[in-house]
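Here is what each chain is made of, one letter per residue.
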Amino acid sequence: MSYIGNSPEFWNLSVNKYTYTATAGQTVFPCVYDSVVDVYLNGIKLQNNVDYVANDSVSMTLSTGAVAGDIIDISGYFNISSGGSGQMLGSSSVKAISY
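## Let's talk about the pairing of strand E3 (residues 37-41)
Relative to strand E7 (residues 71-79), E3 runs antiparallel, the two sharing five bridges. Across the sheet, Val37 pairs through a bridge with Gly76, a residue of E7. Linking E3 back to strand E4 (residues 44-45) in an antiparallel pair, the connection comprises two residues, with Asn42 at a positive phi of about 50°.

## Some details on the packing of aromatic side chains
Per the stated rule, a full pass over the model turns up two aromatic pairs. Look at Tyr18 and Tyr20: their rings are 6.5 Å apart centre to centre, the planes differ by 5°, and that puts the pair in the stacked class. Among the aromatic residues, ring-to-ring pairing joins Tyr18, Tyr20 and Phe29 into one connected group.

## Description of the pattern of salt bridges
Taken as a whole and judged by the stated rule, the model has one salt bridge. Residues Lys45 and Asp38 are paired through a salt bridge, measuring 3.4 Å at the closest nitrogen-oxygen approach. The buried category is assigned to Asp38, whose relative accessible area is 18%.

## Topic: the pairing of E7
In the sheet, strand E1 (residues 13-21) pairs with E7 via nine bridges, with the strands oriented antiparallel. Across the sheet, residue Thr19 finds its bridge partner in E7, namely Asp73.

## Looking at the environment of Leu41
Of note, Leu41 is situated in strand E3. Residue classification places Leu41 among the partly exposed positions, given a relative accessible area of 24%. A sequence separation of 10 residues divides Leu41 from Asp51, and the C-alpha atoms of the two residues are 9.8 Å apart. When sequence neighbours within four positions are dropped, the list of residues in contact with Leu41 reads Leu46, Asp70, Ile71 and Ile72.

## Remarks on unusual backbone geometry
The backbone of Asn42 shows a phi angle near 50°, a positive value even though the residue is not glycine. One can find Asn42 in the loop between E3 and E4. Judged by its relative accessible area of 43%, Asn42 is partly exposed. The phi torsion at Asn49 lies on the positive side, around 65°, for a residue other than glycine.

## Looking at the confidence of the model for the protein
Mean pLDDT over the protein works out to 80, with 70% of the residues at or above the 70 mark. Ignoring residues within four places in sequence, the model shows residues 83-99, a span with pLDDT below 50, making 39 contacts including any to other chains.

## Observations regarding the side chain of Asp38
Tracing the chain through its elements places Asp38 in strand E3. Looking at Asp38, its side chain comes within polar contact range of the side chain of Lys45, at 3.4 Å. In contact with Asp38, not counting residues within four places along its chain, are Lys45, Tyr52, Asp73, Ile74, Ser75 and Tyr77.

Calculation notes
- Residues numbered from 1 in each chain as written.
- Predicted model: local features only at pLDDT ≥ 70, side-chain atom pairs only at ≥ 80, totals over all residues.
- Heavy atoms only, no water.
- Pairing = 2+ DSSP bridges.
- Helix = DSSP H or I, 4+ residues; strand = E, 2+ residues; numbered from the N terminus.
- Phe/Tyr/Trp six-rings, centres within 6.5 Å; stacked < 30°, edge-to-face > 60°.
- Salt bridge = Lys/Arg side-chain N within 4 Å of Asp/Glu carboxyl O.
- Buried < 20%, exposed > 50% of the residue type's maximum accessible area, 1.4 Å probe, protein only.
- Contact = heavy atoms within 4.5 Å.
- pLDDT = per-residue confidence, 0-100.
- Polar contact = N/O pair within 3.5 Å; in protein donor to acceptor, adjacent residues only side chain to side chain.

See below:
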């Protein structure tokens with residue numbers, strides 16, 4: 001059956017959103033996920049395994065260090081049906097929201 005929008009396998013997802021203001025040369029940004037992440041640098045979507053690597057479920061690493069003041073937005077996804085925890089790392093500099 002065809003669907004407009006996301007197919008049903010994506011309907012059971014939860015997301016944690018993180019926003020960071022980078023320091024000069026910063027490459028590692030904490031984020032908790034069990035599925036995938038979407039990463040944006042100053043509003044531009046980055047490509048996984050090209051612009052960043054996210055494969056340890058607790059962080060994302062940029063391929064090239066950020067410039068001081070860059071805004072990094074990360075969405076970390078959890079598959080609810082697989083028991084994703086949806087836990088967030090504690091940090092006063094992180095805005096994390098679960099939907």
